[in-house]
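Observations on chain architecture
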Amino acid sequence: MRDKVFGRFVELFSADRAAYDEKVDYFEVRFDGALASLRRDAQEKAWRDENRSQPLEYDEESGELSPEVEAAAGTHDPFAVSDFDDPSYRSRLDAAIEALPTEQSRIIHMLRQGFPIDSKEPDVMTIAKALGRSEKTVRTYRDKAFAALRAAMADGDER
């Protein structure tokens, strides 16, 4: 991490020496804050890189996935199930969707119709725009709705 901070620092000052670069003005005024900012950026990048390369873990004896993998798989999409063609499955799923809170139900209906949660293109209608919510809020509601749907569908399977 120190190498990344030092490398970025040297890169900024080398560019400033070749030609004036206003980015270095911040270092001249608030050196400690600027250096802390560089360090924080390097830490975040290192953390992201480190967490991207974590292997999937499972119990070799039972073949079951670790709790972390199970939590990540919690974003299971109930619409991608192979039983979706079964009328009784769809009926139970529709009933479970209607039992959700209003905001979650709207998000699920929009996902079912193929609306994206968010888009970088300004002219694309998204769920976040339609509901006037942030992308993170929509994703949180979606995850809660999927968890409720999973629970409802699991209850239906046991009957």
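Described in the following lines is the structure provided in the data block. (Residues numbered from 1 in each chain as written. Predicted model: local features only at pLDDT ≥ 70, side-chain atom pairs only at ≥ 80, totals over all residues. Heavy atoms only, no water.)

**Points about the overall build of the chain**
The condition that has to hold: Secondary structure elements follow DSSP: runs of H or I no shorter than four residues count as helices, runs of E no shorter than two count as strands, and numbering proceeds from the N terminus. For every residue, the accessible area obtained with a 1.4 Å probe (protein chains only) is divided by the maximum for its type, and the residue is called buried under 20%, exposed over 50%, and partly exposed between those limits. Should any heavy atoms of two residues lie within 4.5 Å, those residues are considered in contact. Residue-level accessible areas treat just the shown protein chains as cover; the underlying method is Shrake-Rupley with a 1.4 Å probe.
Counting its secondary structure elements, the chain contains 8 helices and 0 strands. Of the regular secondary structure in the chain, the N- to C-terminal order runs α-α-α-α-α-α-α-α. Counting all 159 residues of the chain, 24% fall into the buried class. By sequence separation, contacts in the chain at least 24 residues apart represent 44% of the contacts at least 6 residues apart. When the accessible area of the chain is evaluated, it comes to approximately 11600 Å², of which 51% is carbon and sulfur surface.

**Topic: the packing of helix α5 (residues 87–98) against helix α6 (residues 102–112)**
Applicable threshold: Fitting a line to C-alpha atoms yields each axis, with helices limited to the stretch in contact; the angle taken between N-to-C directions then spans 0 to 180 degrees. Roughly parallel refers to an angle under 35 degrees, roughly antiparallel to one over 145, roughly perpendicular to one between 65 and 115, and oblique to any angle outside these ranges. Throughout this entry, Asp, Glu, Lys and Arg are counted as charged residues, while Ala, Val, Leu, Ile, Met, Phe, Trp, Tyr, Cys and Pro are counted as nonpolar. The remaining residues, Gly among them, count as polar.
Packing of α5 against α6 brings their axes to within 9 Å, and their N-to-C directions diverge by 140 degrees. In terms of orientation, α5 lies oblique with respect to α6. Across the interface between the two elements, Leu-93, Asp-94, Ile-97 and Glu-98 of α5 pack against Ser-105, Ile-108, His-109 and Arg-112 of α6. Residues that form the contact of α5 with α6 fall into these classes: 3 nonpolar, 2 polar and 3 charged.

**Observations concerning the nonpolar core**
The criterion, for reference: The nonpolar core is taken to be a set of buried Ala, Val, Leu, Ile, Met, Phe, Trp, Tyr and Cys residues, with the residues joined through side-chain atoms within 4.5 Å.
Residues Tyr-89, Leu-93, Ala-96, Ile-97, Leu-100, Ile-108, Ala-145, Phe-146, Leu-149 and Met-153 constitute the largest nonpolar core, which totals 10 residues. Residue assignment for this core shows that the elements contributing at least two residues are α5 and α8 (135–158). Judged by nonpolar contacts, the second largest core, of 7 residues, contains Ile-107, Ile-117, Leu-131 and Val-138.

**Re the pattern of salt bridges**
It is possible for side chains bearing opposite charge to pair when their charged atoms get close. Heads up, the rule is: We define a salt bridge as a contact between a side-chain nitrogen of Lys or Arg and a carboxyl oxygen of Asp or Glu at a distance within 4 Å.
By the definition in use, this model includes 6 salt bridges. One salt bridge connects Asp-94 with Arg-112, and the closest N-O pair in it is separated by 2.7 Å. With Asp-94 in helix α5 and Arg-112 in helix α6, this pair connects stretches of sequence that are 18 residues apart. Judged by its relative accessible area of 32%, Arg-112 falls in the partly exposed class. In this structure, the salt-bridge partner of Asp-143 is Arg-142, at a minimum N-O distance of 2.9 Å. On the basis of relative accessibility, which here comes to 32%, the residue Asp-143 falls in the partly exposed class. Judged by its relative accessible area of 16%, Arg-142 is buried. A single network of salt bridges, built from pairs that share partners, joins Glu-103, Arg-106 and Arg-133.

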